[in-house]
Amino acid sequence: MSNNYKSVSIAELIEKYCPLNLTKEDYKSVTLREVDDDYRTKKLFFDPSYQRMYGSWDNDRKRKYIKSIFMKWIYTPIVLAELSKETAKKQPKGVRYACLDGQHRTHAIAEFVSNRFGLTGRIEIDDREKQFNNVLFKDLNAREREIFLRQTVEIQIINSQDISKTGQ
């Protein structure tokens, strides 16, 4: 089985694997891409039969995860399975992956860049510590936004051909 592990920037994670439909403005501010008004960013499907119930992370837990991205602390990879053509047809347009592990982490990133909660805590940026108190993504200065969007997370993508070969 050819499991694909790779590091992706936060901007690339939003652009290619976003779990939420972001507004056109939020999407543009993160990816710097112009899109049509009806463009859908949502690329992930979540199956409640094997996912922990969404919502078990409160804003404090989300803030800690966002801080860990800024601080380059290592987390386990986000695991995605590429949807087969048959399964993709049953999903809304644009959904290409099922999230096997990492639902809360991907949602926390998407919610942060779409200003649904703010960053709190002491973070080292450019060799200096800075205190944040519920600061929304849009209220970070340009350098802080750039640093966050360039940080990387690990993802693993399981190809749909590999899944069908194993009989799953």
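From a predicted model like this one, the values you see are computed outputs, not experimental measurements.

Draft legend 1. A look at the environment of His104. Looking at where His104 falls in the secondary structure, it is placed in helix H5 (residues 103-113). Here the alpha-carbon distance between His104 and Pro19, two residues 85 residues apart in the chain, equals 9.7 Å.

Draft legend 2. Representation of unusual backbone geometry in the model. Residues other than glycine seldom take positive phi values, yet Asp126 does so here, at roughly 55°. On the secondary structure map, Asp126 appears in the loop between strand E5 (119-125) and strand E6 (128-135). For Asp127, which is not a glycine, the phi torsion comes out positive at approximately 65°. Relative to the assigned elements, Asp127 resides in the loop between E5 and E6.

Draft legend 3. Representation of the pattern of salt bridges. According to the stated counting rule, one finds eight salt bridges in the structure shown. The shortest N-O distance in the salt bridge between Glu146 and Arg150 comes to 3.0 Å. Taken together, the residues Glu146 and Arg150, both in helix H6 (residues 142-150) and four residues apart, mark about one turn of the helix. Judged by relative accessible area, which is 31%, Glu146 ranks as partly exposed. Overall, Arg150 belongs to the exposed group, its relative accessible area being 58%.

Draft legend 4. Here's a closer look at the confidence of the model for the protein chain. Counting all residues, the mean pLDDT for the protein chain is 83, and 83% of those residues have values of 70 or more. Across the protein chain, E6 holds the top mean pLDDT of 96, while helix H7 (residues 160-165) sits lowest at 58.

Draft legend 5. Focus on H5. Of all 11 residues in H5, 11 are buried, a share of seventy percent or more. Buried within H5 we find Gln103, His104, Arg105, Thr106, His107, Ala108, Ile109, Ala110, Glu111, Phe112 and Val113. Phi turns positive one or two residues past the end of H5, at Asn115, with a value near 65°.

Draft legend 6. Spatial organisation of the pairing of E5. The side-chain alternation of E5 yields one buried face, formed by Leu119, Gly121, Ile123 and Ile125, and one unburied face, formed by Thr120, Arg122 and Glu124. Remark: two residues form the turn of the hairpin made by E5 and E6, two consecutive strands paired antiparallel; Asp126 in that turn has positive phi of roughly 55°.

Draft legend 7. Molecular detail of the packing of aromatic side chains. Considering all chains together, one arrives at seven aromatic pairs under this definition. Between Phe112 and Phe148, the ring centres sit 5.1 Å apart and the planes meet at 75°, which makes this aromatic pair edge-to-face. Remark: Phe148 occurs in helix H6 and Phe112 occurs in helix H5; sequence separation between them is 36 residues. According to the relative accessible area criterion, Phe148 is buried, its value standing at 0%.

Thresholds, definitions, all that
Residues numbered from 1 in each chain as written. Predicted model: local features only at pLDDT ≥ 70, side-chain atom pairs only at ≥ 80, totals over all residues. Heavy atoms only, no water. Helix = DSSP H or I, 4+ residues; strand = E, 2+ residues; numbered from the N terminus. Salt bridge = Lys/Arg side-chain N within 4 Å of Asp/Glu carboxyl O. Buried < 20%, exposed > 50% of the residue type's maximum accessible area, 1.4 Å probe, protein only. pLDDT = per-residue confidence, 0-100. Pairing = 2+ DSSP bridges. Phe/Tyr/Trp six-rings, centres within 6.5 Å; stacked < 30°, edge-to-face > 60°.

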